[in-house]
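# Fold and geometry: a report
For reference, the chains in residue letters:
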Amino acid sequence: MIIVSDKAKERILELKKEEGRTEGENIRVSVKGGGCSGLMYDLGFDANTVETDHVFEDKGVKIIVDRKSLLYLAGTTLEFSDGLNGKGFQFINPNASRTCGCGESFSI
């Protein structure tokens, strides 16, 4: 399961409204090869699911995760920061043994 912080929920709802997204479009989180630590997060809106996708809901936000990415993301918290150190979504992943300075890539 992926946990959504209150700030992340607020920002997701704002983005949906700003971008004219429909109720059927949910957040898709996946892990791809790349980044300075070997793996990187990918986050976006998606209206489609396939049979092997897992769909979670936290605080009214539906999150779609493919089977492969689920292994890397179990227990992760999706956070949103708008502080002085940067603005954007961040992943707090208890499975990561190392993360890069920007927080966008990690290794297990």
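Keep in mind that this is a model prediction, so the values were computed, not measured. (Residues numbered from 1 in each chain as written. Predicted model: local features only at pLDDT ≥ 70, side-chain atom pairs only at ≥ 80, totals over all residues. Heavy atoms only, no water.)

### As for the environment of isoleucine 3
- Summarising the element assignment, isoleucine 3 is placed in strand β1 (residues 3–4).
- Its relative accessible area of 38% is what places isoleucine 3 among the partly exposed residues.
- Along the primary structure isoleucine 3 and isoleucine 92 are separated by 89 residues, whereas in three dimensions their C-alpha atoms are 9.5 Å apart.
- Beyond its immediate sequence surroundings of up to four residues, isoleucine 3 is in contact with Asp58, Thr76, Thr77 and Leu78. (Helix = DSSP H or I, 4+ residues; strand = E, 2+ residues; numbered from the N terminus. Buried < 20%, exposed > 50% of the residue type's maximum accessible area, 1.4 Å probe, protein only. Contact = heavy atoms within 4.5 Å.)

### So, the pairing of strand β4 (residues 54–58)
- Direction of pairing for β4 relative to strand β5 (residues 61–65): antiparallel, over a ladder of five bridges. Residue pairing across strands places histidine 54 opposite valine 65, the latter belonging to β5.
- The hairpin turn running from β4 into β5, its antiparallel successor, is two residues long, and lysine 59 in that turn takes a positive phi close to 55 degrees. (Pairing = 2+ DSSP bridges.)

### Comments concerning the pattern of salt bridges
- By the definition in use, this model includes nine salt bridges.
- Close ionic contact of arginine 11 with glutamate 14 constitutes a salt bridge, the shortest N to O distance being 3.1 Å. Residue arginine 11 and its partner glutamate 14 are located together in helix α1 (residues 6–18), separated by three residues, close to a single helical turn.
- With relative accessibility at 18%, the residue arginine 11 sits in the buried group.
- Put simply, arginine 21 and glutamate 19 hold a salt bridge, and the shortest N to O gap is 3.0 Å. (Salt bridge = Lys/Arg side-chain N within 4 Å of Asp/Glu carboxyl O.)

### Some words on the confidence of the model for the protein chain
- Of all residues in the protein chain, 83% attain a pLDDT of 70 or more, and the chain-wide mean is 85.
- Taken element by element, the predicted model of the protein chain shows its lowest mean pLDDT in strand β9 (residues 105–107) (50) and its highest in β5 (96). (pLDDT = per-residue confidence, 0-100.)

### Focus: the packing of aromatic side chains
- Scanning the model with the defined rule gives two aromatic pairs in all.
- A ring pair is formed by tyrosine 41 and phenylalanine 91, whose centres lie 4.1 Å apart and whose planes are at 15 degrees; its orientation type is stacked. Here tyrosine 41 is found in strand β3 (residues 39–46), whereas its partner phenylalanine 91 is found in strand β7 (residues 86–92), with 50 residues between them in sequence.
- The class for tyrosine 41 is buried, based on a relative accessible area of 10%. (Phe/Tyr/Trp six-rings, centres within 6.5 Å; stacked < 30°, edge-to-face > 60°.)

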